[in-house]
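An overview of the molecular structure
The residues making up each chain are set out below.
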Amino acid sequence: MAVKRKFISTRQLKEGMRIDQSVVNASGKAMIEKGAYLDDFYIEYLQKKGVGGVYIQEGEPDPDELELQIPQYTKDLIEKSRVEDRTKVTLTESVRKRVGEGIQFLYNNTDAGNFSEITDNVANELMKTITDNDAVAVDINMLKVSDEYTFKHSVDVATMAMVIAKKYGLSDKEIRDLGVSGLLHDVGKSKIPNEVLNKPGKLTDEEFALMKQHTLFGFNILKKRNEFSNAIMCGVLQHHEKINGRGYPLGNSAGKIHTYAKIIAVADIYDALVTERPYKKAFAKNTAIEMIMTMTDELDLNIMRSFLGSVILYSVDSIVQLSNGEAAKVVKNSLENCLRPTVVGLKTGRLYDLANDISCASVLIQ
């Protein structure tokens, strides 16, 4: 947005306004730099010095312009407070291409002789990506392999599930096998007619009953091959089960649901919430996480905690908008609450420790 210059009386100045001129003292030293955000101290200084009015900027600058206008003391605080994000899963373009092509082949060729081999190759690609740089987190803003929903969703769910599993404490072999289960969790949808799968309106009762069969279809696709472990097949079969026994296809409760399925369920629900489909709009990522946090009667609480502790919603150095109207830069993420990082206000230079400072309890990231 273009920034306009406007002259305004000092009496009309308000905290957070951006000044469009430098203010110097008698010796020529700049007391307020051009582009600084005015706070009560600056406004009082101008009034005490008898300055009748100053030029301010109206409108929001582009991010690059905003960066240039951050006062030096705020930049110093940002640098002092900044803590690098935990090592994140990074899918290179070549890996994205191979994984995307592999999962597309699997979902389109469930009877192929090399189905298991291709599945292993794709799962190994993801496992290598996680282990090569000892990734312990996933930036959920960067997940995207294909524009085609089924393939993107399958890889996103597998990637998130594997990182959650690492946080949860599963072994490398279990994480890798969980990756296979995550990649194939929706393979049964290949047996659902496209007119039902991609129907833009509400499904009829009969159509919804058919859609719910996809977990059984997927289980049977794997079972007839006799090449997948029971754990992998349980992840595919049970990923829509709920710990309260109100899921499908079997209505199993917590003790009868495999750990793989419980992990895939969290990743599956999150990715479905934030993805736009013909029949629904996407939820904002922070809203989706808040929704998952309310599902304590449906999702395993310890796995939910592992999810919240292994995803990064606001990367360090990203600019966010606070509910008090101030733009802020993320300087540190919380290990326990991905919704409430530590940020520095660009207008005021204030440090907001959203996770731990009680005075920030009412401040939210929008």
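Our subject is the structure listed above.
Described below are features of the structure shown in this document. (Residues numbered from 1 in each chain as written. Predicted model: local features only at pLDDT ≥ 70, side-chain atom pairs only at ≥ 80, totals over all residues. Heavy atoms only, no water.)

Examining the environment of L183
Following the sequence through the fold, L183 ends up in helix α7 (residues 172-183). L183 sits in the buried class, given a relative accessible area of 0%. Between the C-alpha atoms of L183 and G218, which are 35 residues apart in sequence, the distance is 11 Å. The contacts of L183, once residues within four sequence positions are left out, are I103, Y107, T119, V122, A123, L126, S154, V155 and A158. (Helix = DSSP H or I, 4+ residues; strand = E, 2+ residues; numbered from the N terminus. Buried < 20%, exposed > 50% of the residue type's maximum accessible area, 1.4 Å probe, protein only. Contact = heavy atoms within 4.5 Å.)

Structural notes on the sheet that holds strand β1 (residues 4-9)
Each strand in a sheet pairs with its neighbour through backbone hydrogen bonds, running either in the same direction (parallel) or in the opposite one (antiparallel). Pairing is antiparallel in the open sheet, where 3 strands are placed in the order β1-β5-β2. Taken across any chain shown, the strands that pair with only one partner, and hence form the sheet edges, are β1 and β2 (18-19). Of the pairings in the sheet, the one linking β1 to strand β5 (residues 53-58) comprises 6 bridges and is antiparallel in character. Bridge pairing links F7 to Y55 in β5. (Pairing = 2+ DSSP bridges.)

Comments concerning unusual backbone geometry
At the junction of Y248 and P249, the peptide bond is cis and its omega measures out at 15° in the coordinates. Summarising the element assignment, P249 is placed in the loop between α11 (230-238) and α12 (259-273). Even without being a glycine, N226 presents a positive backbone phi close to 55°. Structurally, N226 is set in the loop between α10 (214-223) and α11. Look at D317: it is not a glycine, yet its phi comes out positive at around 90°. As for its placement among the helices and strands, D317 is situated in the loop between β7 (311-312) and β8 (319-321).

Quick look at the packing of α12 against helix α13 (residues 285-293)
Two elements in contact, α12 and α13, have axes whose closest approach is 9 Å; the angle formed by their N-to-C orientations is 140°. As α12 packs across α13, the resulting crossing turns out to be right-handed. Across from V266, I269, Y270 and L273 in α12, the residues of α13 making contact are K285, A288, I289, M291 and I292. (Axes fitted to C-alpha atoms, helices over the stretch in contact; angles between N-to-C directions. Left-handed = near helix turned anticlockwise from the far one by under 90°.)

Some remarks on α11
The element α11 is extensively covered by neighbouring structure, given that 8 of its 9 residues are classed as buried. Inspection of α11 places A231, I232, M233, C234, G235, V236, L237 and Q238 among the buried residues, and these make up the whole buried set. For α11, the elements touching its buried residues are α7, α10 and α12.

Quick notes on the pattern of salt bridges
Across all of its chains, the model carries 20 salt bridges by this definition. Between D317 and R82 there is a salt bridge, with its nearest N and O atoms 2.7 Å apart. In this pair, D317 sits in the loop between β7 and β8 while R82 sits in the loop between α3 (72-81) and α4 (93-108), placing the two residues 235 residues apart along the sequence. The salt bridge partner of R176 is D177, with a shortest N-O separation of 3.2 Å. The burial state of R176 is the same as that of D177; both residues are buried. Shared partners join several salt bridges into a network, and the residues in it are D120, K173, R176 and D177. (Salt bridge = Lys/Arg side-chain N within 4 Å of Asp/Glu carboxyl O.)

Some words on the packing of aromatic side chains
The geometry of two aromatic rings is summed up by the distance between their centres and the angle between their planes. All told, the structure shown has 3 aromatic pairs when counted by the stated rule. Measuring from centroid to centroid gives 5.2 Å for F7 and Y55, while their planes differ by 70°, and the two rings are edge-to-face. Pair noted here: F7 is in strand β1 and Y55 is in strand β5, with a separation of 48 residues, a long-range link. Relative accessible area serves as the criterion here: at 49%, F7 is assigned to the partly exposed category. Accessibility expressed as a relative area gives 31% for Y55, which makes it partly exposed. On the numbers, 5.8 Å between centres and 50° between planes, the contact of Y270 with F307 is tilted. Of the two residues, Y270 is situated in helix α12 and F307 in helix α14 (residues 301-308); the sequence distance between them amounts to 37 residues. Considered together, Y270 and F307 belong to a single accessibility category, that of buried residues. Here the basic side chain of R5 rests over the ring of Y55, its NZ or CZ set 3.8 Å away from the ring centre. (Phe/Tyr/Trp six-rings, centres within 6.5 Å; stacked < 30°, edge-to-face > 60°. Lys NZ or Arg CZ within 6 Å of the ring centre and 35° of its normal.)

Re the state of the cysteines
Counting across every chain of the model gives 0 disulfides. A disulfide-free cysteine, C338 has its sulfur positioned 17 Å from the sulfur of C360, the nearest such atom. Classification of C338 by relative accessible area gives buried; the value is 1%. (Disulfide = S-S within 2.5 Å.)

Interpretation in functional terms is not warranted from these geometric data alone.
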